[in-house]
There are 2 protein chains.
Amino acid sequence: MRGVVIHAPGDIRVQDREDPRILEPTDAVIQLAATCICGSDLWPYRGIEEVSSAAPMGHEYVGTVTEIGADVRTLKPGDFVVGSFWASDNTCEICRAGYQSRCVQAYPMGAIGTQAQFARIPLADGTLVATPGQPDAGLLPSLMAASDVLGTGWFGAVAAQAGPGKTVAVVGDGAVGLLAVLAARQLGAERVIAMSRHPKRQEMARRFGATDIVAERGDDGVAVIKDMTNGLGAHSVVEAVGTQESMMQAVRSTRPGGHMGFVGVSHDVALPGLELFFAEINMLGGPAPVRRFLPELIELIWNRSIDPGQVFDLTLPLEDAAEGYRAMDERRAVKVLLTP
Amino acid sequence: MRGVVIHAPGDIRVQDREDPRILEPTDAVIQLAATCICGSDLWPYRGIEEVSSAAPMGHEYVGTVTEIGADVRTLKPGDFVVGSFWASDNTCEICRAGYQSRCVQAYPMGAIGTQAQFARIPLADGTLVATPGQPDAGLLPSLMAASDVLGTGWFGAVAAQAGPGKTVAVVGDGAVGLLAVLAARQLGAERVIAMSRHPKRQEMARRFGATDIVAERGDDGVAVIKDMTNGLGAHSVVEAVGTQESMMQAVRSTRPGGHMGFVGVSHDVALPGLELFFAEINMLGGPAPVRRFLPELIELIWNRSIDPGQVFDLTLPLEDAAEGYRAMDERRAVKVLLTP
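Residues numbered from 1 in each chain as written. Chains lettered and ligands numbered in written order. Predicted model: local features only at pLDDT ≥ 70, side-chain atom pairs only at ≥ 80, totals over all residues. Heavy atoms only, no water.

(A) Summary view of helix α9 (residues 244-253) of chain A. The buried count for α9(A) comes to 7 of 10 residues, which makes it a mostly enclosed element. Every buried residue of α9(A) is listed here: A:Ser246, A:Met247, A:Met248, A:Gln249, A:Ala250, A:Val251 and A:Ser253. (Buried < 20%, exposed > 50% of the residue type's maximum accessible area, 1.4 Å probe, protein only. Helix = DSSP H or I, 4+ residues; strand = E, 2+ residues; numbered from the N terminus.)

Take a look at the structure:
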């Protein structure tokens, strides 16, 4: 099969890779209907994360089951499925508490590389959720989004306890931040403030339900949020970047007793203990347990209640993956869908 | 009146101070029935916090109202009252959400110095809670504890979501940690693990309801907690020290999706972002909003349901405050009660 491999920062190639096969009786193999490029794929692309040897890329996926292991009970070949970027058994104590991304058997799909024509999915019964039927082509981008960016934005909004009566601020205007805006509105938030300087992303944030846009960043952005909230700060803040500046912007934008959900993968972040102590905010973050939300998200997409697939503003054939990485790196595209 | 003043690290003096009087119409003045020395008073005593000039000490207090300002509505001279170490209006949006220690008008009682015979209490209606009647002398230590250490340990246990079915670990065996043990049990926790190497404190932890004692510290302590919890970590962890080591011990002892409440005042703590991200735990900490819990705590004490006053293992006249500081500094006493 064909698949995307990174050889060095900036060096993305589409090449022949070994066809995946069942390794464990709990595995399934799927044929991808779509895959995509994640903001987090840009860290190694930009050399901020080390690339020590050639490695397959991609951890988001939707597609059709082609083969199942002997122990797979809930799926059959032909099922159309969506899964999370962490494989999980969905039965351990951590999964049952709703934290499937930290399952005792958690397996990172990035190690498999789903920017490819086929992929092995470990722990298939726990990881994959079948759609109610075969989706129309028009639903593919939104189902694709559910695999990571929608689920991650949703977790950020849930962790920030977005809900009725709440003012929610979102730090970060990438696909995850934009979908945190959508999530906050779906969860009933009264006011949703998107922090973005980028006109096209501001417009998308408004389409997803942002009531306000704040272009200022850092402590200037914090000051605007305080001005908008009677000096107190937002009830709920979602952090979707992962830098020191964005984390502190999020901490400082949250009112005492408020909730901050942080879903941007941390890079060189150190949180000052004393400031965190006196901030007195509830914090929850980490790799999103997307599996917790998938049944609900698939239903909302299937019913056309939400259209998160709009974040894909560029679609390319898998063979042109390198151009997709360039477009995202240069911020010409919010998120790139790849068709295998 | 007589009151405690710190002149330099290690230099505690009891001296004449000006009698407090009503400055604002929302003030009350109380005559202290008891006051005490806090673990946090040891930071300047040890020179870890700077002592730039002579300063009054103490922020915990119980006593009798002697005078009220013109706007005080809910209290009258003669009432016996307990208050928190933060004065708060108890009416602002932050107070109503239960975070009175971060009230928009919050005033730190440490700036007033309650290791004295009398004290001015700002925002008296919001800050003070009257007991159902005049307390027996035997209740004074427990009511005194409610003013800070019990309320702080209680907040730590609530922030850690201690409750039925939960395994709770407490890092720190000072008065706050010991009372977090009591709180966790009262809140219905199934298993309460006190982390302590000190035989006398271990014994007190058991009296307060600890089911297990772990003497190991740091990552050795974490390993023991993991062993006791099927490799997962505790559901709930209370941090009651405030150092880098104790914070990381608490983070690492909490299972993914679990809750950590941190109430030790942070000193030179920096939390690594990436580790926090992958820990995926709920965190809440800060100066305890003791006022939220005071009505409930006073009732539990009044009914003799709890006896937190046991943490006071040394009682001295106010005039001997310097000896009280020495005893706590040398860990000869858990907590010292001072009688004015």
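(B) Region of interest: the environment of B:Ile121. Along the polypeptide, B:Ile121 turns up in strand β9 (residues 118-121). On a C-alpha basis, the gap between B:Ile121 and B:Met109 in space is 7.8 Å, while along the polypeptide they are 12 residues apart.

(C) Here's a closer look at the relation of the copies chain B and chain A. The transformation that overlays chain B on chain A combines an axial shift of 0.0 Å with a rotation of 180°, and the residual RMSD is 0.0 Å. Such values leave the two copies arranged in the relation of a two-fold axis. When you check the interface residues of chain B against chain A, 100% turn up at the interface there too, and the contact is symmetric in its surfaces. (Least-squares fit on C-alpha atoms with pLDDT ≥ 70 in both. Contact = heavy atoms within 4.5 Å.)

(D) Summary view of the interface of chain B and chain A. With 38 residues of chain B at the contact, the number on the chain A side is 38 residues. In total, about 3,100 Å² of surface goes out of reach between chain B and chain A, with carbon and sulfur atoms giving 63% of it. Of all residues in chain B, B:Arg102, B:Phe277 and B:Glu280 bury the most surface against chain A, accounting for 23% of the area lost on that side. Where chain B packs against chain A, one counts 2 salt bridges. Across the pair B:Arg255 and A:Glu93 runs a salt bridge whose closest N-O atoms are separated by 2.7 Å. At the surface where chain B touches chain A, the tally comes to 14 residue pairs in polar contact (both at pLDDT 80 or more). Among the secondary structure elements, those contributing two or more residues to the side of chain B that touches chain A are α2 (93-96), β15 (254-262), β16 (270-272), α10 (273-279) and β17 (282-285) of chain B. Looking at the side of chain B that touches chain A element by element, the count peaks at 6 residues for α10(B). Across the side of chain B that touches chain A, the residue classes tally to 24 nonpolar, 10 polar and 4 charged. (Buried area = accessible area lost by both parts, 1.4 Å probe. Salt bridge = Lys/Arg side-chain N within 4 Å of Asp/Glu carboxyl O. Polar contact = N/O pair within 3.5 Å; in protein donor to acceptor, adjacent residues only side chain to side chain. Nonpolar A, V, L, I, M, F, W, Y, C, P; charged D, E, K, R; others polar.)

(E) Highlighting the packing of aromatic side chains. Residues and elements named next belong to chain A. Within the structure shown, the criterion is met by 6 aromatic pairs over all chains. Ring centres of Phe 277 and Phe 278 lie 5.1 Å apart, and the angle between their planes is 85°; on these two criteria the pair is classed as edge-to-face. Relative accessible area serves as the criterion here: at 34%, Phe 278 is assigned to the partly exposed category. One Lys or Arg, Arg 292, reaches over the ring of Tyr 99 and ends 5.1 Å from the middle of that ring. (Phe/Tyr/Trp six-rings, centres within 6.5 Å; stacked < 30°, edge-to-face > 60°. Lys NZ or Arg CZ within 6 Å of the ring centre and 35° of its normal.)

(F) Seen up close, the pattern of salt bridges. Residues and elements named next belong to chain A. As enumerated under the stated definition, the model contains 38 salt bridges over all chains in all. Two residues, Asp 136 and Arg 304, come together in a salt bridge whose shortest N-O distance is 3.0 Å. One end of the pair, Asp 136, is in the loop between β10 (128-130) and α4 (140-146); the other, Arg 304, is in the loop between α11 (290-302) and β18 (312-317), and 168 residues separate them in sequence. Overall, Arg 304 belongs to the exposed group, its relative accessible area being 51%. It is possible to trace a salt-bridge network through shared partners that takes in Glu 323, Arg 326, Glu 330 and Arg 332.

(G) Geometry of the packing of helix α8 (residues 218-228) of chain B against helix α9 (residues 244-253) of chain B. Residue and element names in this part refer to chain B. Look at α8 against α9: their axes get within 9 Å of each other, and the N-to-C directions meet at 20°. Overall, the two elements α8 and α9 adopt an arrangement that is roughly parallel. In this structure, the crossing between α8 and α9 has a hand that is right-handed. Facing Gly 218, Asp 219, Val 222, Ile 225 and Lys 226 of α8, the residues of α9 in contact are Glu 245, Gln 249, Arg 252 and Ser 253. Residues of the contact of α8 with α9, tallied by class, amount to 2 nonpolar, 3 polar and 4 charged. (Axes fitted to C-alpha atoms, helices over the stretch in contact; angles between N-to-C directions. Parallel < 35°, antiparallel > 145°, perpendicular 65-115°, else oblique. Left-handed = near helix turned anticlockwise from the far one by under 90°.)

(H) Spatial organisation of the pairing of strand β2 (residues 11-16) of chain A. Residues and elements named next belong to chain A. As judged from the 6 bridges shared by strand β1 (residues 2-8) and β2, these two strands associate in the antiparallel manner. By the bridge assignment, Val 4 is partnered in β2 with Val 14. Linkage of β1 to β2, two consecutive antiparallel strands, is achieved through a turn of 2 residues, within which Gly 10 is found at a positive phi near 80°. (Pairing = 2+ DSSP bridges.)

(I) Representation of the side chain of B:His267 in the model. Structurally, B:His267 can be placed in the loop between β15 and β16. Apart from the residues lying within four places of it in its own chain, the contact partners of B:His267 are B:Trp43, B:Ile48, B:Glu49, B:Gly242 and B:Thr243.

(J) Structural context of the pairing of strand β12 (residues 191-195) of chain A. Residues and elements named next belong to chain A. Within β12, 4 of the 5 residues are buried, leaving the element largely enclosed by the surrounding structure. Of the pairings in the sheet, the one linking strand β11 (residues 167-171) to β12 comprises 5 bridges and is parallel in character. Along β12, the bridge assignment pairs Val 168 with Val 192. Of the crossover connections in this fold, the one passing from β11 over helix α6 (residues 175-186) to the parallel β12 is right-handed. As paired elements, β12 and strand β13 (residues 212-214) share 3 bridges and run parallel to each other. By the bridge assignment for β13, Ala 194 is matched with Ile 213. Between the parallel elements β12 and β13, the chain passes through helix α7 (residues 199-207) in a crossover that is right-handed. (Right-handed = clockwise from strand over helix to strand, strands pointing away.)

(K) Quick peek at the packing of helix α5 (residues 149-159) of chain B against helix α11 (residues 290-302) of chain B. All names here are of chain B. Their axes nearest at 10 Å, the elements α5 and α11 cross at an angle of 110°. The orientation of α5 relative to α11 falls into the category roughly perpendicular. Packed against α5, whose contacting residues are Leu 150, Gly 151, Thr 152, Trp 154, Phe 155 and Val 158, the element α11 presents Val 290, Arg 292, Phe 293, Glu 296, Leu 297, Leu 300 and Ile 301 at the interface. Of the residues that constitute the contact of α5 with α11, the class distribution is 9 nonpolar, 2 polar and 2 charged.

(L) Representation of the domain arrangement of chain A in the model. Residue and element names in this part refer to chain A. When its domains are assigned, chain A resolves into domain 1 (2-148 + 289-339) and domain 2 (153-285). Centre-to-centre, using C-alpha coordinates, domain 1 lies 26 Å away from domain 2. Counting residues at the interface gives 23 residues for domain 1 and 20 residues for domain 2. Note on domain 1 versus domain 2: buried area summed over both sides is about 1,800 Å², and carbon and sulfur give 66% of it. In this assembly, domain 1 and domain 2 are joined by 2 salt bridges. Between domain 1 and domain 2 we count 6 residue pairs in polar contact (both at pLDDT 80 or more) in total. Ranked by residues supplied to the side of domain 1 that touches domain 2, first place goes to α11 with 5 residues. (Domains from an automatic or database assignment.)

(M) Representation of α11(B) within the structure. All names here are of chain B. Here α11 spans 17 Å end to end across 13 residues, near enough to the 18 Å set by a 1.5 Å rise per residue. Within α11 the residues assigned to the buried category are Val 290, Arg 291, Phe 293, Leu 294, Leu 297, Ile 298, Leu 300 and Ile 301. Each element contacted by the buried residues of α11 is listed here: β6 (80-83), α3 (124-127), β10 (128-130), α4 (140-146), α5 and α6 (175-186). Phi for Arg 304, located one or two positions after α11, is positive at around 60°. (Expected span 1.5 Å × (residues − 1).)

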